[in-house]
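Structural overview for review
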Amino acid sequence: MSTLVKPAAWVRPSTLAVAALILLALIWPAIWNGLPHFFPDTGGYLFVAWGNFWLVDRSSFYGAFLRPLMAWNGLSGLWLGLVPQLLATLLVLFALAKRLEARNWQWVLPIILVVTTGPFHASQLMPDAYAVVVLLLGWLCASRDPHAAGSPLLWLAAAAACLPHSTFPAILVASASATILTLWIAGLSFRGVMHRAAALALTVLFIIGCQLLANGAFFHRITYAPRSSAFLYASLNEDGLLKPWLARNCPVDPRVKDLCAIAPQFHDDSQKLLWAPDSIFRTTVWQQRDNKKGVDWDTQLGIAARGALIQSPGLFAKAAVEATTEQFFSFAVLDDECPQVCITEQSAIQGALSRFRPHLRDQVNGSAQMQGKLKTVPLQVVTGTASFAGLIGLFALIPLAWRRRDQVAGSALLATVAALVANAFVTGTLSDVHDRYQSRLIWIAPLLVALILLRWRTQRLDRLASAPGPEHAMSEAPTPPAPAP
């Protein structure tokens, strides 16, 4: 007699159908465009994926992840580049829904997902696609006992997801720390707190170590972010902190004599200073390959930036609060600078295509994005409304989760808020305010709110189903004693 074997949950037709719906919801902007979406920075990652390059101004691990998938010469290589981020997003969304135990989430999640900013990041060849993956992995990792089966692999996955962008460890730390704090308030022992904190610390050290080794191998310099001084300097210069420091120290500090010589030519706008074609950064700072040849611009920029912070901590704090607040509420969709920047001859995208895949250039430049046909007011209104509704929902549900003593929902809500704040701080303060920085995370807010509401509805229905009905209550009622004669 044959025995029927129950299929694993992940290979059941219903699960595969839900996975297909979620993937379709994630990738619809790329289908609409006819190709994956691009950003000017995508060109740098294409240089890493297609050539023997390592980027000096950002983490190159995203390009390294793309390398084995984009070996194909045709457009299929570009589409394959989306596969890791799509699968990673799919898996963490499944894990989130399973952890929240929300009934009927399979149909609600794709419907809400399709109107958020998430699909525009999942469809874009940029490391921003992993931001929500990092957030949710931080929450999932910190929710588990580090000694439980599978926990070390989960922390390793969180470390791998952080490597594509230098700001991701801040998101991981914020998410995991908020989760640990919530569990501690809910009764987690001090020993359990310390075990989770140690796992988080080891993960962050592993991430930093990978960046140090990679940058040391390519640039002969042990540093987490080779050009972090340039970005910090540009941000502080825009905030007005650098000019007073330079005026005070240039006459007396020989360590910054080269910087002082060119500083009067700097743009006040940080983005123009960093990237404008006429910026003196192009012929000085960006031309430096390592600190063994010529002027060590990174060191001089770092001295000035740190000096300005020490000299004016109050002004920096004020600027940081303003930038963080502005960034927190800036999350408009399609902040991609295409086609304005992407199709110029100076664009890294055009440079990578011309050098490695010239036969794809016309097809890429003919996409809807490169023709400026994607940005529409209705699209921005719909995604903006979903984002604001999700943000309001996060803050509205936190006290409700506290009243219900729901530590699973409460930790997820607080982890998301903490990650949003941390992301707004590191990007808005240390770089500049851009909608794409916050839109890469904000899309999880409406999904999380919907799943938590479904979770509480499921719990309510289960309580009603388990409660005794009127007939059962009557049958269980004690028989009144007979009246005395």
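Residues numbered from 1 in each chain as written. Predicted model: local features only at pLDDT ≥ 70, side-chain atom pairs only at ≥ 80, totals over all residues. Heavy atoms only, no water.

**Brief notes about the overall build of the protein chain**
- Check the secondary structure of the protein chain and you find 24 helices and 0 strands.
- Here the protein chain holds 485 residues, and the buried ones make up 53% of them.
- Partitioning the intrachain contacts of the protein chain with sequence separation of at least 6 by distance along the chain shows that 77% fall at a separation of at least 24.
- Averaged over its 37 positive side-chain charges, the protein chain has a centre that lies 7 Å from the centre of its 28 negative ones. (Helix = DSSP H or I, 4+ residues; strand = E, 2+ residues; numbered from the N terminus. Buried < 20%, exposed > 50% of the residue type's maximum accessible area, 1.4 Å probe, protein only. Contact = heavy atoms within 4.5 Å. Lys, Arg positive; Asp, Glu negative; His and termini not counted. Charge placed at Lys NZ, Arg CZ, Asp CG, Glu CD.)

**Some thoughts on the state of the cysteines**
- Enumeration over the complete set of coordinates arrives at 2 disulfides.
- Disulfide pairing places Cys 250 opposite Cys 260 at an S-S distance of 1.9 Å. On the sign convention where negative means left-handed, the S-S torsion of about -90 degrees between Cys 250 and Cys 260 marks this disulfide as left-handed. Placement of Cys 250 in the loop between α13 (242-249) and α14 (257-262) and of Cys 260 in helix α14 is noted, with a sequence separation of 10 residues between them.
- For Cys 250, a relative accessible area of 26% puts it in the partly exposed group.
- What pairs with Cys 338 in a disulfide is Cys 342, and their sulfur atoms sit 1.7 Å apart. Its torsion about the S-S bond being -55 degrees, the disulfide of Cys 338 and Cys 342 is classed as left-handed. (Disulfide = S-S within 2.5 Å.)

**Brief notes about a positive patch on the surface**
- Judged by side-chain charge, Arg 404, Arg 457, Arg 460 and Arg 463 come together as a positively charged surface patch.
- Within the secondary structure, Arg 404 is located in the loop between α20 (377-403) and α21 (407-428). (Patch = residues over 30% accessible without salt bridge, like charges linked within 9 Å, V, L, I, M, F, W, Y side chains within 5 Å. Areas by Shrake-Rupley, 256 points an atom, 1.4 Å probe, with all protein chains shown as cover. Salt bridge = Lys/Arg side-chain N within 4 Å of Asp/Glu carboxyl O.)

**Some words on the packing of helix α10 (residues 168-185) against helix α11 (residues 190-219)**
- Packing of α10 against α11 brings their axes to within 10 Å, and their N-to-C directions diverge by 175 degrees. As the angle between them shows, α10 and α11 are arranged roughly antiparallel. Taking contact as the criterion, the partners of Pro 169, Leu 172, Val 173, Ala 176, Ser 177, Ile 180, Leu 183 and Trp 184 in α10 are, on α11, Val 193, Arg 196, Ala 197, Leu 200, Thr 203, Val 204 and Ile 207. (Axes fitted to C-alpha atoms, helices over the stretch in contact; angles between N-to-C directions. Parallel < 35°, antiparallel > 145°, perpendicular 65-115°, else oblique.)

**What to know about the pattern of salt bridges**
- Under the defined criterion, the tally for this structure stands at 14 salt bridges.
- When the shortest N-O distance is used, the salt bridge between Glu 101 and Arg 455 registers 3.9 Å. Placement of Glu 101 in the loop between α5 (83-100) and α6 (105-113) and of Arg 455 in helix α23 (residues 444-466) is noted, with a sequence separation of 354 residues between them.
- Bridged by salt links that share partners, the residues Asp 41, Asp 57, Arg 58, Asp 128, Arg 436 and Arg 440 form one connected network.

**Quick notes on α10**
- With 18 residues, α10 extends 26 Å from end C-alpha to end C-alpha; this agrees with the ideal 26 Å at 1.5 Å per step.
- Regarding α10, the residues found buried are Phe 168, Pro 169, Ile 171, Leu 172, Ala 174, Ser 175, Ala 176, Ala 178, Thr 179, Ile 180, Thr 182 and Leu 183.
- Next to the buried residues of α10 lie α8 (131-143), α9 (151-162), α11, α21 and α22 (435-442).
- In the segment just after α10, Gly 187 is the residue with positive phi, at about 120 degrees. (Expected span 1.5 Å × (residues − 1).)

**A closer look at the confidence of the model for the protein chain**
- With 93% of its residues at a pLDDT of at least 70, the protein chain reaches an overall mean of 91.
- Under a pLDDT of 50 for its full length, residues 1-5 has, in the predicted model, 0 contacts with residues more than four places off or in other chains. (pLDDT = per-residue confidence, 0-100.)

**A closer look at helix α2 (residues 42-50)**
- Burial of α2 is extensive: 9 of the 9 residues sit out of reach of the surface.
- At its buried positions, α2 is contacted by α3 (61-66), α4 (75-80) and α18 (348-356).

**Here we look at empty space enclosed by the protein**
- Inspection of every chain in the model, using the stated rule, returns 3 cavities of 30 Å³ or more.
- Approximately 100 Å³ is the volume attributed to the largest cavity.
- Around the largest cavity sit His 37, Phe 39, Phe 120, His 121, Gln 124, Ala 332, Val 333, Leu 334, Asp 335, Asp 336, Arg 436 and Ser 439, which together line it.
- Contributing elements (two or more residues each) for the lining of the largest cavity: α7 (118-122) and α22.
- Here the residues of the lining of the largest cavity are counted per class, giving 5 nonpolar, 4 polar and 3 charged. (1 Å grid on protein atoms, 1.4 Å probe; cavity = no way out; pocket = protein on both sides within 12 Å on 5 of 7 lines; lining within 4 Å. Points joined across faces, edges and corners; volume = space filled by probe spheres on them. Nonpolar A, V, L, I, M, F, W, Y, C, P; charged D, E, K, R; others polar.)

**A closer look at unusual backbone geometry**
- Cis geometry is found at the peptide bond from Cys 338 to Pro 339, where omega equals 10 degrees.
- Position of Pro 339 among the secondary structure elements: in the loop between α17 (313-328) and α18.
- Notably, Leu 334 is not glycine yet its phi reads approximately 60 degrees, a positive angle.
- In this fold, Leu 334 is placed in the loop between α17 and α18.
- Owing to a relative accessible area of 10%, Leu 334 belongs among the buried residues under this scheme.
- Positive phi, normally seen in glycine, also occurs at Arg 405, with a value near 55 degrees.
- Mapping Arg 405 onto the fold places it in the loop between α20 and α21.
- Judged by its relative accessible area of 76%, Arg 405 falls in the exposed class.

**Structural notes on the packing of α8 against α10**
- The geometry of α8 relative to α10 is characterised by a closest axis approach of 8 Å and an angle of 30 degrees between their N-to-C directions. Taken together, the axes of α8 and α10 are roughly parallel relative to one another. For the pair α8 and α10, the crossing hand works out as right-handed. Of the residues in α10, those touching α8 at Ala 131, Val 134, Leu 135, Gly 138, Trp 139, Ala 142 and Ser 143 are Phe 168, Ile 171, Leu 172, Ser 175, Ala 176, Thr 179, Ile 180 and Leu 183.
- Per-class residue counts for the contact of α8 with α10 are 11 nonpolar, 4 polar and no charged. (Left-handed = near helix turned anticlockwise from the far one by under 90°.)

**Looking at the nonpolar core**
- Ile 22, Leu 93, Trp 105, Leu 113 and Leu 394 are the most contacted members of the largest nonpolar core, which has 106 residues in total.
- Sort the elements by how many residues they give to this core and α8 lands first, with 11 residues.
- Counting residues in each nonpolar core, the second largest holds 30 residues, with Leu 232, Ala 234, Leu 246 and Phe 316 among its members. (Core = buried A, V, L, I, M, F, W, Y, C linked by side-chain atoms within 4.5 Å.)

**Here we look at the side chain of Gln 350**
- Here Gln 350 is to be found in helix α18.
- Not counting chain neighbours up to four residues away, the residues in contact with Gln 350 comprise Cys 342, Ile 343, Thr 344, Arg 361 and Asn 365.

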